[in-house]
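Examining the three-dimensional arrangement
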Amino acid sequence: MKTFFNVQDLGPLQAALKEAEEVKANRFAYQQLGKNKTLLMIFFNNSLRTRLSTQKAAMNLGMNVIVLDVNAGAWKLETERGVIMDGDKSEHLLEAIPVMGCYCDIIAVRSFAGLSDRDYDYAETIVGQFVKYSGRPVVAMETATVHPLQAFADLITIHEKWTELNANPSNQPSHKRPKVVLTWAPHCRALPQAVPNSFAQWMNAADVDFVITQPEGYELDPKFVGDARVEYDQHKALEDADFVYAKNWSCPGVKNKGNYGKILSKDASWTIDSEHMSWTNYGYFMHCLPVRRGLIVTDDVIESPHSLVIPEAANREISAEVVLKRVLETL
Ligand SMILES: NCCC[C@H](NC(=O)CCC(=O)O)C(=O)O
Ligand SMILES: NC(=O)OP(=O)(O)O
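All values reported here derive from a predicted model rather than from experimental measurement.

Here the protein chain averages 97 in pLDDT, while 99% of its residues score no lower than 70. Quick note on the complex model: pTM equals 0.98, ipTM equals 0.99.

Next up, the structure:
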């Protein structure tokens, strides 16, 4: 595997889930694979889980790890060509990227959407340059439009819980395939679409019944929605759900490009509380974290035994380890 952005990069999902299970059972089995290999993690944005879990995964594989926070100590980087660099940006990304490539074997990049120019963000302009100029395999740690390490960890979490529920005869779920609902929820800031985009892409590829619910104007890009059922009535969407995946995202600008990145609604009736969960099939609550309580979800729901937010975060180590292992195997 030379790049990791999309679900297709991982090949058949059943094989990937099996590999995740093996890695989880013995996470130090491939210590030799990463020996004397270096992972460089570049952060243009903040992180708790991605930073810690990806570093831990690399260490499990015997790798050396360098972490660079671009905004804390590196030169400020110019990203556009053709500009006269007489402002506060001292170095151009087009020199910085090949230089970074000199010091490592794999580059992992976090670079969020700017949310001002839809075409620029959806062309993946920044990470595209890492792919083109670093000379190294590139792993997405949340780019302008995708967050595949999160979506893979979410799939592992759903697969584990569903397997556990099916293994208990007194607890036989009523559905053959889990019903998974991605629901928009309100937030005070404009957030990217990377998490819902990737979640939709991965759920469409997985063996689940997938529904997306959001207010008018929040339609995700059709390339990620695929054949998913879209239901504007949140109550209807949540009925009988086994897994409720809440997330805020700003306007993706599909129906009106001028609204790209804007907050169109703060409707508190979309906040996931115990009444919302009562419409589900004893469903489980999921969120990638960090989450703002009182906006996305209430305290009682996130703290309940049916909250999977901590197992999801724990599985970030596993998704990252499978991905780095696959990349190391092709070096
Ligand atoms: N990687 C997980 C989510 C990262 C980001 N959330 C945030 O920026 C939340 C920030 C805040 O709540 O202030 C997002 O939605 O894409
Ligand atoms: N879920 C996630 O990616 O968390 P961080 O933004 O803290 O890395």
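From this point on, the discussion continues.
Our focus in this paragraph is the site of ligand 1. Around ligand 1, a shell composed of E142, H147, R189, L191, P192, A194, V195, C288, P290 and R292 is seen. The residue makeup of the shell around ligand 1, split by class, is six nonpolar, one polar and three charged.

Quick look at the sheet that holds strand β6 (residues 106–110) now. Read from one edge of the open sheet, five strands run β1-β7-β6-β2-β3, paired in parallel fashion. Looking at the sheet topology across the chains shown, the edges are occupied by β1 (3–4) and β3 (64–69). Most of the contacts of helix α5 (residues 125–133) go to strand β7 (residues 138–140), to which it runs at about 160 degrees, and overall it touches β1, β6 and β7.

A separate point is the environment of S319. Considering the arrangement of structural elements, one finds S319 in helix α12 (residues 309–329). Put simply, S319 and I156 are 163 residues apart on the chain and 7.9 Å apart in space, counted from C-alpha to C-alpha. Beyond its immediate chain neighbours, meaning those up to four positions away, S319 contacts A20, L149, F152, A153 and I156.

A separate point is the environment of F210. Positionally, F210 belongs in strand β9 (residues 209–213). Once the C-alpha coordinates of F210 and M141 are considered, the two residues, 69 residues apart in sequence, prove to be 24 Å apart. Setting aside chain neighbours within four positions, we find F210 in contact with V180, M203, N204 and A228.

Among the five residues that make up β9, four are buried, leaving the element largely enclosed by the rest of the structure. Alignment of strand β8 (residues 179–184) against β9, held across five bridges, turns out to be parallel. The residue bridging V180 from the neighbouring strand is F210, located in β9. Between the parallel pair β8 and β9, the chain is carried across by helix α7 (residues 194–205), and the sense of this crossover is right-handed. Alignment of β9 against strand β10 (residues 229–230), held across two bridges, turns out to be parallel. Considered in β10, the bridge of I212 is made with V230.

Hydrogen bonds along the backbone pair up the strands of a sheet, which may run parallel or antiparallel. Read from one edge to the other, the open sheet built from five strands follows the order β10-β9-β8-β11-β12, with strand pairing classed as parallel. Two strands close off the open sheet at either side, each with one partner strand: β10 and β12 (284–286). Across the sheet, α7 is in contact with β8, β9 and β11 (243–247); its angle to β8 comes to roughly 165 degrees.

To continue, consider helix α2 (residues 49–60). Its 12 residues place the ends of α2 16 Å apart at the C-alpha level, agreeing with the 16 Å of an ideal helix rising 1.5 Å per residue. The set of residues buried in α2 consists of R49, T50, S53, T54, A57, A58 and N60. An end-on view of α2 places all buried positions within 160 degrees of arc, on one side of the element. On its buried side, α2 packs onto β2 (38–43), β3, β6, α6 (148–167) and α12.

This part covers the packing of helix α3 (residues 93–102) against α5. The geometry of α3 relative to α5 is characterised by a closest axis approach of 9 Å and an angle of 50 degrees between their N-to-C directions. In terms of orientation, α3 lies oblique with respect to α5. Considering the relative orientation of α3 and α5, their crossing is right-handed. In this structure, α3 uses L93, L94, I97 and P98 to contact α5, whose residues at the interface are Q129, F130 and Y133. Taken together, the residues of the contact of α3 with α5 break down into six nonpolar, one polar and no charged.

Looking now at the UniProt feature "domain: Aspartate/ornithine carbamoyltransferase Asp/Orn-binding" (unreviewed entry) in the protein chain. Feature annotation in UniProt assigns "domain: Aspartate/ornithine carbamoyltransferase Asp/Orn-binding" (unreviewed entry) to the following positions: residues 195–324. Helix and strand shares over residues 195–324 are 35% and 12% respectively, and the end C-alpha atoms of the span are 20 Å apart.

As a further point, take the pairing of β8. Along a regular strand, successive side chains alternate from one face of the sheet to the other. The buried fraction of β8 amounts to six of the six residues, a majority that puts the element mostly inside the structure. Taking every second residue as pointing to the same face, both faces of β8 are buried, with K179, V181 and T183 on one and V180, L182 and W184 on the other. Bridging between β8 and β11 involves five bridges; their strand directions are parallel. Following the sheet pairing, T183 is matched in β11 by A246.

Right, let's get into the site of ligand 2. In the region of ligand 2, the neighbouring residues are S47, L48, R49, T50, E142, Q150, C288, L289 and P290. Class assignment for the residues of the shell around ligand 2 results in four nonpolar, three polar and two charged. Two domains each donate at least three residues to the shell around ligand 2, and these are domain 1 (3–146 + 316–329) and domain 2 (150–313).

Here we take up the nonpolar core. Ranked by internal contacts, the top residues of the largest apolar core, which has 93 residues, are I107, V244 and L324. Shared between two domains, this core holds at least three residues of each, these being domain 1 (3–146 + 316–329) and domain 2 (150–313). Not counting residues up to four positions away in its chain, the partners in contact with V244 are V181, T183, L238, I272, M277, T280, G283, F285 and M286.

Rules and cut-offs
The numbers attached to residues start from 1 for each chain and follow its sequence in the written order. Chain letters and ligand numbers both follow the written order, the letters beginning at A and the numbers at 1. In keeping with the predicted nature of the model, local features appear solely for residues at pLDDT of at least 70, side-chain atom pairs appear and are counted solely at 80 or more, and the whole-chain, interface and lining totals rest on all residues. Per residue, pLDDT measures the predictor's confidence, with a range of 0 to 100. Any residue whose C-beta atom, as set from the backbone, lies within 6 Å of a molecule or strand is reported as near that molecule or strand. The nonpolar class holds Ala, Val, Leu, Ile, Met, Phe, Trp, Tyr, Cys and Pro. Asp, Glu, Lys and Arg form the charged class, and all remaining residues, Gly among them, are polar. Should DSSP find at least two bridges between two strands, the strands are taken to pair. Every helix listed is a DSSP run of H or I at least four residues long, and every strand listed is a run of E at least two residues long, numbered separately from the N terminus. In this description, a residue-residue contact is defined by the distance between C-beta atoms placed from the backbone, which must lie within 7 Å. Angular values range over 0 to 180 degrees, each being the angle between N-to-C directions of two axes fitted as lines to C-alpha atoms, with helices fitted over their stretch in contact. Counts of 20 or more other C-beta atoms within 10 Å of a residue's own C-beta define buried residues, counts of 12 or fewer define exposed ones, and intermediate counts define partly exposed ones; C-beta atoms are placed from the backbone. Orienting the strands away from the viewer, one traces the path from the first strand over the helix to the second; a clockwise path indicates a right-handed crossover. A helix's residues, less one, multiplied by 1.5 Å, set its expected span. Note: the arc covers the axis-to-C-beta directions of the helix. Reported orientations rely on four angle classes, namely roughly parallel under 35 degrees, roughly antiparallel over 145, roughly perpendicular from 65 to 115, and oblique for the rest. The sense of a crossing depends on the near helix, which, turned anticlockwise from the far helix by less than a right angle, makes the crossing left-handed and, turned clockwise, makes it right-handed. UniProt positions are given in the numbering used here, feature names are shortened, and annotations may be inferred rather than shown by experiment. Each domain's extent is set by a domain assignment, obtained either automatically or from a database. Each nonpolar core comprises buried Ala, Val, Leu, Ile, Met, Phe, Trp, Tyr and Cys residues, the members being joined through C-beta atoms within 7 Å.

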